Each structure stands twice: as C-alpha cells, then as structure tokens.
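Topology and contacts: notes
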Amino acid sequence: QVQLVESGGGLVQPGGSLRLSCAASGSFFSIGAMTWYRQAPGKERELVASITPDSSTSYADSVKGRFTISRDNAKNTVYMQMNALKAEDTAAYYCNVVVRVQLTTYRHYWGQGTQVTVSS
C-alpha cells in the first residue's frame, strides 16, 4: 500500500508565496513522474506542473515563471514553490504520483489535497 501526504497549503495575500510538499510512503520499487494538479470550485481539475525521475519539468502556461516543482528522490517527496501568487491560483492542490508497485506494475496515487487561498 502507498500513502501520499500533502502539506503546505494555507491563506496568503496576493504576491505572497507558499511551498507545497507531497511525501510518498509504503512498500514499492520506485517512483516515476510526480505531478501537481489543482481544482478550483466549479472548474475541472488541471495540471499545474510535473517532474520526471531525472528532474525534467513541465508547467502550465499560467504558472510558468512563478511556480517551481522539484523532488527529493531520497525522501520520495515532491515540492512546489509558489511565488507571486494571484487570486486565480486559489484552488485545492493535489499531487499525483506514478509508483512502481511491482516489477511490471505501475499505479497512480493521489494525495488528499491541500487548500491554497490567495486573498487580501
């Protein structure tokens, strides 16, 4: 079984910063891509940023230059540093992790979500 635990959300003023974390634990062979999604009320879930095992990254256009995704493979943890936050960044943020649970079996796992609210 694999568990993902997210942390770091909260209330911040426009222009402020937050750092999200998502740590994987349990029994598995390795971790593949790690991705952050977000979902605002009344909207579909959208991909925010993704990072491969060798730390290649990709970002949604709306967060390029403001958000930075990174990972610590020794800790099985993905981070997202969010700077210059805007009201439109307000959403529940979820991590998604591809886990090699057996030699030839990969599964996706979701974190429980952490709320980010940007408001003055």
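Details of the structure are given in the entry above.
Residues numbered from 1 in each chain as written. Predicted model: local features only at pLDDT ≥ 70, side-chain atom pairs only at ≥ 80, totals over all residues. Heavy atoms only, no water.

**Points about the sheet that holds strand β1 (residues 2–7)**
- Within the open sheet, the 4 strands sit side by side as β1-β3-β8-β7. Their pairing is antiparallel. Either end of the sheet is taken by a strand with one partner, and the two such strands are β1 and β7 (67–72). Shown here is a sheet whose adjacent strand axes are inclined to one another by a mean of 15°, direction ignored.
- With 6 bridges connecting them, β7 and strand β8 (residues 77–82) associate as antiparallel partners. Within β8, the position partnered with S70 by the bridge is Y79. (Pairing = 2+ DSSP bridges. Helix = DSSP H or I, 4+ residues; strand = E, 2+ residues; numbered from the N terminus. Axes fitted to C-alpha atoms, helices over the stretch in contact; angles between N-to-C directions.)

**Some points on unusual backbone geometry**
- A positive phi angle is found at N76, which is not glycine, with a value near 55°.
- Taking relative accessible area as the criterion, N76 reaches 23% and is therefore assigned partly exposed.
- A positive phi angle, near 50°, is found at A84, a position not held by glycine.
- Judged by its relative accessible area of 37%, A84 is partly exposed. (Buried < 20%, exposed > 50% of the residue type's maximum accessible area, 1.4 Å probe, protein only.)

**Topic: the state of the cysteines**
- In this structure the tally under the stated criterion is 1 disulfide.
- Note that C22 is cross-linked by a disulfide to C95, the S-S spacing being 2.0 Å. Torsion about the S-S bond of the C22 and C95 cystine: about 50°, corresponding to right-handed handedness. Here C95 lies in strand β9 (residues 91–102) and C22 lies in strand β3 (residues 18–26), a separation of 73 residues in the sequence. Side by side, C22 and C95 carry an identical accessibility label, which is buried. (Disulfide = S-S within 2.5 Å.)

**So, the nonpolar core**
- Counting 32 residues, the largest nonpolar core has W36, V48, F67, M80, M82 and Y93 as the members making the most contacts within it.
- At the level of secondary structure, the elements contributing two or more residues to this core comprise β1, β3, β4 (30–39), β5 (46–51), β7, β8, β9 and β11 (114–118).
- Of all the elements, β9 adds the most residues to this core, at 6 residues.
- Sequence-distant contacts of M82, that is, excluding residues within four places in its chain, are made with G16, S17, L18, L20, R66, F67, Y93 and V116. (Core = buried A, V, L, I, M, F, W, Y, C linked by side-chain atoms within 4.5 Å. Contact = heavy atoms within 4.5 Å.)

**Observations concerning the pairing of β1**
- Burial of the side chains of β1 is restricted to one face: V2, L4 and E6 are buried, whereas none of Q3, V5 and S7 on the reverse face is.
- Summarising the sheet, β1 and β3 pair through 6 bridges and their orientation is antiparallel. Across the sheet, residue L4 finds its bridge partner in β3, namely A24.

**A word on the packing of aromatic side chains**
- Taken as a whole and judged by the stated rule, the model has 1 aromatic pair.
- Measuring from centroid to centroid gives 5.0 Å for Y37 and W110, while their planes differ by 55°, and the two rings are tilted. Placement of the pair is Y37 in strand β4 and W110 in strand β10 (residues 105–110), with a sequence separation of 73 residues.
- Geometry around W110 places R45 over its ring, the cationic atom sitting 4.6 Å from the centre. (Phe/Tyr/Trp six-rings, centres within 6.5 Å; stacked < 30°, edge-to-face > 60°. Lys NZ or Arg CZ within 6 Å of the ring centre and 35° of its normal.)

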